Amino acid sequence: MRVAIMYKRLLNIYQVRNGLIHTQNTRLPSTKCKEKERVAPVIWTMGGARPLGTSSIFFSENKESSTSLSEDNEKRPEENEANAEVNNDGQKNTKINEGNNISNAMLTSQLETEPVVKLEDSKKFDKTKTGKESLLELLGAMKVEVTTIRKIRPPKFPRVSERPDPKPMESVQSMFQHATAEVSQQHETLIPTLVAAASAAASTLPNRRQAESELLQQLRKHEAIPDTQRRADGQNIGDIISDMKVGKKQNGRSNARPSSQIRFDEDGQGYTQDRGITGELDAVRTRKSPFTSKRLNIFNAGAEQDSLSDLGPTLWDIDLANQIVQATNQTPRNGFEEMIQWTKEGKLWQYPINNEAGLEDEASVPFHEHVFLEKHLDESFPRQGPVRHFMELVITGLAKNHHLTVQQKQEHIAWFRDYFQQKDNVLKEAEA
Amino acid sequence: MAAAWKLLGTGMGFLQSSLPAYRSSLGVVEQVRSYYVDWRMVRDVKRRQMAFEYADTRLRINAIRKNTILPKELQEIADKEIAALPRDSCPVRIRNRCVMTSRPRGVKRRWRLSRIVFRHLADHNQMSGIQRSMW
């Protein structure tokens, strides 16, 4: 991620140099650029006018960093330390100063000749204004990572404080020595462009040395870890935590003393009584109950609820309903509510009075099933005789009955059928 | 829990709605009648229930008995059958007692109350539309 940012920054610088991005002079960093302000116009003319051709991005970036470094070095007339190293850059700068149009070949040749180590050794105390502006643009354009996941990374960029540098005029030689001491240890595996970009970024911050050292350390880390592992930062944390052992509170037998030993009270006057093992049992009980520990996910939580909902109100539900009724005290406040309650219970008829209150289903039965009941007589009833006569009377009586349902009438007829079938022998004896 | 709420909604939760010392809106404490007044009333209730059970059977057998078309042998058999039914199934044994006091006599059928209870309630203005008559 940081590498990408650095590359983006360099690309932006490249674009700035090309004049593709138009930055205004007013966009200055806060306080540390007083010296840069002086050289602002000069840089602008230089930066805008240099044409860049078909050189590869790598070379251009190299050139960018080198030129920025060179410009920085050049614009600090009070700097005397890097004369030996600046000479090479100084030559470039003089050439830049001479003519705005510089051939690409010269630039690339100069880049190739320049040793890689110099990029790291050269210590930029203040970046040029364009570099800083571009950096700020980049920082502004950077998307803020809004995650709650805490990453184990030290803050890359310490906060930019408003106060000015406490030591703007450090001794150059001391800084040079620090730089060489640090960089000599770290320059083995890092890509020079990234290192240059890191140093450029660090120069904008108050603690240059710290920032640069941190940046370079981060660079090393990034170089070491492949890309795939970088995305699994959260998992790394999880792995680390899982590897850690849970430290148990060693409190179990803290009060273990021989029972025969006499234990005095607080003031030393009386004796404490035997407490038994209640203290240890309390310690045992204070452990986590099975309901607070981690869920094992052995059983499916929602599978059982479906079957239960279909059974209907259980006894517990009825009991709960009773309790709610008792608790809420739903006694009627007036006569109207009392009548409502009775109507619900069925003690009171529903008004307006409906004569067929309990016979709603009978309304859909057609009338011919009530009246024409001879079809039931045709089965298992004799066609002639007293029985038939009797049954016809029964049927006419049922047909005229308004208060019976069809089902009741059919039950009547069925009962008679069974009865006469049982009494068949009696009927035959009577006939005979 | 949802089923409990459903029960409340349907009104099935009024299993113990009649609390003791129920205060009506009129300020009169009504009697709480969770028992029948006496054993005679209990027996009367049993007879009524049994009469309701056997009503259809009795009706059918009586229709065969009270008949001039069917042969008499059949009617005699029907007589014996109806006599074999339990004695409490016949509606004749039901006595319209007073609902409040179980008094067997002096009961007005419309209000199911004995004369004494009726008079008591009417004097205290508990009977709707009842007024002391004078002419």
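Residues numbered from 1 in each chain as written. Chains lettered and ligands numbered in written order. Predicted model: local features only at pLDDT ≥ 70, side-chain atom pairs only at ≥ 80, totals over all residues. Heavy atoms only, no water.

**Student:** Let's hear about the overall build of chain B: which residues, and what values?
**Tutor:** For chain B, the helix and strand inventory stands at 5 helices and 2 strands. Listed by position from the N terminus, the elements making up chain B come as α-α-α-α-β-β-α. When each of the 135 residues of chain B is scored for burial, the buried share is 26%. Nonlocal contacts in chain B, meaning residues at least 24 apart in sequence, comprise 38% of its contacts between residues at least 6 apart. Entry remark: accessible area of chain B is about 10,500 Å², with carbon and sulfur atoms responsible for 54%. (Helix = DSSP H or I, 4+ residues; strand = E, 2+ residues; numbered from the N terminus. Buried < 20%, exposed > 50% of the residue type's maximum accessible area, 1.4 Å probe, protein only. Contact = heavy atoms within 4.5 Å. Areas by Shrake-Rupley, 256 points an atom, 1.4 Å probe, with all protein chains shown as cover.)

**Student:** Residues and numbers for the packing of aromatic side chains, please.
**Tutor:** The geometry of an aromatic ring pair is captured by the separation of the ring centres together with the interplanar angle, meaning the angle of the planes. Residues and elements named next belong to chain A. All told, the structure shown has 7 aromatic pairs over all chains when counted by the stated rule. Geometrically, the ring pair formed by tryptophan 415 and phenylalanine 416 is edge-to-face, given 5.3 Å between the ring centres and 80 degrees between the ring planes. What links up through ring pairs into an aromatic cluster is the set Phe390, Trp415, Phe416, Tyr419 and Phe420. (Phe/Tyr/Trp six-rings, centres within 6.5 Å; stacked < 30°, edge-to-face > 60°.)

**Student:** Before we move on, could you go through a nonpolar patch on the surface and cite the residues and values that matter?
**Tutor:** All names here are of chain A. A contiguous nonpolar surface patch, about 430 Å² in accessible area, is contributed by Leu296, Ile298 and Phe299. Among the secondary structure elements, leucine 296 is positioned in the loop between helix H13 (278-285) and helix H14 (303-310). Take leucine 296: its relative accessible area is 70%, and that puts it in the exposed class. (Patch = residues over 30% accessible without salt bridge, like charges linked within 9 Å, V, L, I, M, F, W, Y side chains within 5 Å. Salt bridge = Lys/Arg side-chain N within 4 Å of Asp/Glu carboxyl O.)

**Student:** Go over the nonpolar core with me, naming the residues and quoting the values.
**Tutor:** Of all hydrophobic cores here, the largest spans 23 residues; its most connected members are A:Phe381, A:Phe390, A:Met391, A:Phe416, A:Phe420, B:Ile64 and B:Leu74. Sorting the residues of this core by element identifies helix H19 (386-399), helix H20 (406-422) and helix H21 (424-431) of chain A together with helix H3 (55-65) and helix H4 (72-84) of chain B as the ones contributing at least two each. The leading source of residues in this core is H19(A), at 6 residues. Excluding anything up to four places from it in sequence, A:Met391 contacts A:Leu377, A:Phe381, A:Ile413, A:Phe416 and A:Phe420. Counting residues in hydrophobic clusters, the runner-up holds 11 residues, among them A:Ala198, A:Ala201, A:Ala202 and A:Leu216. (Core = buried A, V, L, I, M, F, W, Y, C linked by side-chain atoms within 4.5 Å.)

**Student:** Hey, could you go over the environment of B:Lys108 for me, with residue numbers and the actual values?
**Tutor:** Within the element layout of this structure, B:Lys108 appears in strand S1 (residues 107-108). Each C-alpha atom, one on B:Lys108 and one on B:Asn96, is 9.1 Å from the other, the two residues being 12 residues apart in sequence.

**Student:** Please set out the pattern of salt bridges residue by residue, giving values where relevant.
**Tutor:** Within the structure shown, the criterion is met by 12 salt bridges over all chains. Salt-bridge contacts for A:Glu337 lead to A:Arg333; the nearest nitrogen and oxygen are separated by 2.7 Å. According to the relative accessible area criterion, A:Arg333 is exposed, its value standing at 66%. Note that B:Arg93 is salt-bridged to B:Asp88, the shortest N-O span being 2.9 Å. Taking relative accessible area as the criterion, B:Arg93 reaches 34% and is therefore assigned partly exposed.

**Student:** I'd like to hear about helix H2 (residues 39-53) of chain B, residue by residue, with values.
**Tutor:** Residue and element names in this part refer to chain B. The terminal C-alpha atoms of H2, which comprises 15 residues, lie 21 Å apart, in line with the 21 Å expected from a rise of 1.5 Å per residue. Within H2, burial applies to Met41, Asp44, Val45, Arg47 and Ala51. Along the axis of H2, the buried positions cluster into a sector of 160 degrees, meaning they face one direction only. Away from the buried face of H2 by more than 90 degrees, exposed residues Trp39, Lys46 and Glu53 are located. The inward-facing, buried residues of H2 contact H3. (Expected span 1.5 Å × (residues − 1). Arc of directions from axis to C-beta.)

**Student:** How would you sum up the confidence of the model for chain B? Please name residues and give values.
**Tutor:** Residue and element names in this part refer to chain B. Overall, the prediction assigns chain B a mean pLDDT of 85, with 79% of residues at 70 or greater. Within the model, pLDDT remains below 50 along residues 11-22, and this stretch shows 22 contacts once partners closer than five positions in the same chain are excluded. Both scores are given for the predicted complex: the pTM is 0.41, the ipTM 0.77. (pLDDT = per-residue confidence, 0-100.)

**Student:** Which residues make up unusual backbone geometry, and what are the values?
**Tutor:** The omega torsion across A:Tyr351 and A:Pro352 is 0 degrees, close enough to zero to call that bond cis. Not every positive phi belongs to a glycine, and A:Ser380 is a case in point at roughly 55 degrees. In this structure, A:Ser380 sits in the loop between helix H18 (374-377) and H19. Phi angles above zero are rare outside glycine, and B:Arg112 is one such case at about 60 degrees. Tracing the backbone through its elements, the reader meets B:Arg112 in the loop between S1 and strand S2 (113-114).

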